[in-house]
Amino acid sequence: MPRPWQRRSGGGGDGRAELGALLGRAARGDQDAFEQVYEQVSGPVYGLVLRVVRDPAQSEEVAQEVLVDVWRTASRYDPERGSAIAWVMTLAHRRAVDRVRSAQAAADREERVARADREHDEVAEHVEARLEREQVRRCLGTLTDLQRESVTLAYYSGYTYREVAELLHVPLGTVKTRMRDGLIRMRDCLGVEDQ
Amino acid sequence: MKQELHALVGAYAVDALDDLERRRFEDHLAECESCARETRGLREAAAHLGTAVATPPPARLREKVLADVSRVRPLPPQLSNGRPLRPRGTPWLLNLAAAACLVVAVIMGAVAVFAQHRYNQAEGRNREVVQVLSAPDRQVESAPAETGGTGGTATVVASRSQNKAIVTLAKVPDAPKTRTYEVWFMGPNKPRPAGLLNGSGEIVLASDLGDATQIGVTVEPKGGSDQPTTEPFSMVALPT
C-alpha cells in the first residue's frame, strides 16, 4: 500500500493531493495547499526532529522552523532531484542536526546516547507510520551490525562520521564505507526508485 | 581526492559531515552527475528512516506554523543556477561583439598600468612583511585550525609597534571553490575583517590591530563577508 506522501496522482482515495503538486501550489502563495502539506508532513517532521533532538520543547521549536521553511522555500523543491517527502525530510534532518551540534547541546550528547536505546521503542504508534516502520525495521535487519550502527548513530543521533568512528572504535575509512554500503542496502531493500 | 570525496556520499546523505566537508562535497556534486544520482537514491533511503519515526505533533504546533506562514512570503523560484535570465529580445550577440572589442582595447591599456601597480604593491608588501618579522616586539602564536581533521594550524606573527599582523595557515586544505577563508580581528567589539586566504601557503598582512585580542579564521562565501557567518575554526591570541 503506498504511503500517503508517495501517492503519484492528484487526489487519492481519501482526497489527499500529491505532495509535490501541493508544494508547487504553496510556492505560489496558496495557504490552503500548505495546510494540506502540513497534514501530510508534520508527523514525519516532528517525529524525526524529536528522535534527533530528544527534548520535546526544543523539538517543537525546530519542527516549527522546518515547517515554516518548507513554506518559504517550496519553490526550491525540484521534482527532478527526488521525491517531495525526501526533500522535506532532508530539511528537517539538517535542522535537527544543526540544533544538536550547537555548542550548548554538545554538553548533553553523552546523555542523549545513553537515553537513545532506552527510548527507542517509546515513540508513540502512529497508524500511518506503522507500515513504514515495519518495512524500515525489516530492511535495517538486512544490514550488518556495523552498517546499521553507523547509519543509525548518524541519522537518529546526529553524530558526524568522525564521532561515529570514535564511538564504535573503528577507522574513519571503515565508517565512511559502512554508511554508504548500509544506505545502499536500505535503498535496494526499500525499493526506492533510482531517480 | 575525487575518490576520497566520493566515498563520503553515504555520510553526506545522513548529514554526518562537518560544515567544511559538506561544502566541499556539495561543490563536488555540482560537477559529478553519477555522484548526484547516488546521493539522491541514498537520501530517499534515509528519508524512510525519518518517516518511520513519524509522531503526531502537539496540536498547538499547527496554530504556530500557520500563523507564521501567513506572515512569511515564499521565496521566488531560483533561476537557472542562480543566474538571472537574459531579457528576451535583446540583440545580445551584437552587443556582445561590440563589448568584446571595447574590452580588448581597455584591457591592453590596463594590463600595462596594472603590471606596474602590482610590482609596486608587491614591493611595498614585502617591505611591510619584513618590518613586522623584524620588529623588536613581534610575537609568534599558533593554534590548531580545525577544518576537518587534517591537523592544520594557524600562525600569527604580530607587532603592536608596527600595528600589523601576518597570518598564515599550514596543513589546512584549500577552501572549496565557492568559499574562502576569512581572517578577523576579534576583541571586545564586533569582529573586523582582516583579509582572505584560499589555503595554506598564502599570507594575510593585516593592519590596525586596534583593541583586538585574537585573530579568528572562518569559512565564508567566495569574496568574503562583512561579519563572520560561521564559527571560527581557529583562534590565535594577539600580543597585548
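These numbers come from a predicted model, not from an experiment.

Draft legend 1. Highlighting the overall build of chain B. Assigned secondary structure in chain B consists of six helices and eight strands. Secondary structure elements of chain B, listed N to C terminal, follow the sequence α-α-α-α-α-α-β-β-β-β-β-β-β-β. Going through the 240 residues of chain B one by one, you find that 42% of them count as buried. Counting only contacts in chain B whose residues sit at least 6 apart along the sequence, the fraction spanning at least 24 positions is 55%. Element-wise, carbon and sulfur atoms account for 57% of the exposed surface of chain B, whose accessible area totals about 13,100 Å².

Draft legend 2. Focus on helix α5 (residues 59-71) of chain B. All of the buried residues along α5 of chain B are Leu61, Val65, Leu66, Asp68 and Val69 of chain B. End-on view of α5 of chain B: buried residues confined to an arc of 160 degrees, all on one side of the axis. Turned more than 90 degrees away from the buried face of α5 of chain B sit Ala59, Glu63 and Arg71 of chain B, all of them exposed. The elements touched by buried residues of α5 of chain B are α2 (31-53) and α3 (56-72) of chain A.

Draft legend 3. How the structure looks around the interface of chain A and chain B. Contacts between chain A and chain B engage 68 residues on the former and 56 residues on the latter. Taken over both partners, the interface formed by chain A and chain B buries close to 5,600 Å², and the fraction arising from carbon and sulfur atoms is 62%. Remark: the boundary between chain A and chain B carries eight salt bridges. A salt bridge links arginine 94 of chain A to aspartate 15 of chain B; the shortest N-O distance between them is 2.9 Å. Remark: the boundary between chain A and chain B carries 28 residue pairs in polar contact (both at pLDDT 80 or more).

Draft legend 4. Fine view of the packing of aromatic side chains. All names here are of chain A. Going through the model one piece at a time under the given rule, you end up with five aromatic pairs over all chains. Ring centres of tyrosine 77 and tryptophan 87 lie 5.7 Å apart, and the angle between their planes is 50 degrees; this geometry places the pair in the tilted category. Within this pair, whereas tyrosine 77 is found in the loop between α3 and α4 (84-101), its partner tryptophan 87 is found in helix α4, the two being separated by ten residues in sequence. Of the two residues, tyrosine 77 and tryptophan 87, both sit in the buried class. A cation over a ring is seen here: arginine 51 above tyrosine 156, with NZ or CZ 4.2 Å from the ring centre.

Draft legend 5. Broad picture of the pairing of strand β7 (residues 214-221) of chain B. Residue and element names in this part refer to chain B. Of all eight residues making up β7, six are buried, and the element is well covered by its neighbours. Of the pairings in the sheet, the one linking β7 to strand β8 (residues 234-237) comprises four bridges and is antiparallel in character. Opposite isoleucine 215, over in β8, you have valine 236 as the bridge partner.

Draft legend 6. Region of the structure containing the sheet that holds β7 of chain B. Residue and element names in this part refer to chain B. Pairing is antiparallel across the open sheet formed by four strands, whose spatial order is β5-β4-β7-β8. The open sheet has two edge strands, β5 (192-197) and β8, and neither has a second partner. Shown here is a sheet whose adjacent strand axes are inclined to one another by a mean of 30 degrees, direction ignored.

Draft legend 7. Quick look at the pattern of salt bridges. According to the stated counting rule, one finds 23 salt bridges over all chains in the structure shown. When salt bridges that share partners are traced, they join Glu61, Glu65, Asp69, Arg72, Arg95 and Arg99 of chain A into one network.

Draft legend 8. Geometry of the environment of phenylalanine 185 of chain B. Position of phenylalanine 185 of chain B relative to the elements: it lies in strand β4 (residues 179-186). Residues phenylalanine 185 of chain B and glutamine 214 of chain B lie 29 residues apart in sequence; the distance between their C-alpha atoms is 6.2 Å.

Draft legend 9. Inspection of the sheet that holds strand β3 (residues 164-170) of chain B at higher detail. All names here are of chain B. Spatial strand order, β1-β2-β3-β6: four strands in an open sheet with antiparallel pairing. Across the chains shown, the open sheet's two edge strands, defined by having one partner strand only, are β1 (139-145) and β6 (203-207). Taking the axes of each pair of neighbouring strands and ignoring which way they run, one obtains an average angle of 20 degrees across the sheet. Taken together, the seven bridges between strand β2 (residues 152-159) and β3 define a ladder with antiparallel strand orientation. Within β3, the position partnered with alanine 154 by the bridge is leucine 169.

Draft legend 10. Expanded view of the packing of helix α10 (residues 172-190) of chain A against helix α4 (residues 33-51) of chain B. The geometry of α10 of chain A relative to α4 of chain B is characterised by a closest axis approach of 9 Å and an angle of 75 degrees between their N-to-C directions. By the angle between their axes, α10 of chain A is roughly perpendicular relative to α4 of chain B. When α10 of chain A is examined against α4 of chain B, the residues Arg180, Leu183, Ile184, Met186, Arg187 and Leu190 of chain A are found in contact with a partner set consisting of Glu38, Gly41, Leu42, Ala45, Ala46, His48 and Leu49 of chain B. The residue makeup of the contact of α10 of chain A with α4 of chain B, split by class, is eight nonpolar, two polar and three charged.

Draft legend 11. How the structure looks around the state of the cysteines. For the structure shown, the criterion picks out two disulfides over all chains. Two residues share a disulfide in this structure: cysteine 139 of chain A and cysteine 189 of chain A, whose sulfurs sit 2.0 Å from each other. Measuring the twist about the S-S bond at about -75 degrees, one finds the cysteine 139 of chain A-cysteine 189 of chain A disulfide to be left-handed. In this pair, cysteine 139 of chain A sits in helix α7 (residues 127-140) while cysteine 189 of chain A sits in helix α10, placing the two residues 50 residues apart along the sequence. You can call cysteine 189 of chain A partly exposed: its relative accessible area is 23%. At a sulfur-sulfur separation of 1.9 Å, the disulfide partner of cysteine 32 of chain B is cysteine 35 of chain B. Residues cysteine 32 of chain B and cysteine 35 of chain B are joined by a disulfide whose S-S torsion is about 70 degrees; by sign, that bridge is right-handed. Cysteine 35 of chain B matches cysteine 32 of chain B in its accessibility class, with the two residues each being buried.

Scoring rules and cut-offs
- Residues numbered from 1 in each chain as written.
- Chains lettered and ligands numbered in written order.
- Predicted model: local features only at pLDDT ≥ 70, side-chain atom pairs only at ≥ 80, totals over all residues.
- Heavy atoms only, no water.
- Helix = DSSP H or I, 4+ residues; strand = E, 2+ residues; numbered from the N terminus.
- Buried < 20%, exposed > 50% of the residue type's maximum accessible area, 1.4 Å probe, protein only.
- Contact = heavy atoms within 4.5 Å.
- Areas by Shrake-Rupley, 256 points an atom, 1.4 Å probe, with all protein chains shown as cover.
- Arc of directions from axis to C-beta.
- Buried area = accessible area lost by both parts, 1.4 Å probe.
- Salt bridge = Lys/Arg side-chain N within 4 Å of Asp/Glu carboxyl O.
- Polar contact = N/O pair within 3.5 Å; in protein donor to acceptor, adjacent residues only side chain to side chain.
- Phe/Tyr/Trp six-rings, centres within 6.5 Å; stacked < 30°, edge-to-face > 60°.
- Lys NZ or Arg CZ within 6 Å of the ring centre and 35° of its normal.
- Pairing = 2+ DSSP bridges.
- Axes fitted to C-alpha atoms, helices over the stretch in contact; angles between N-to-C directions.
- Parallel < 35°, antiparallel > 145°, perpendicular 65-115°, else oblique.
- Nonpolar A, V, L, I, M, F, W, Y, C, P; charged D, E, K, R; others polar.
- Disulfide = S-S within 2.5 Å.

So yeah, pure geometry; function would need other evidence.
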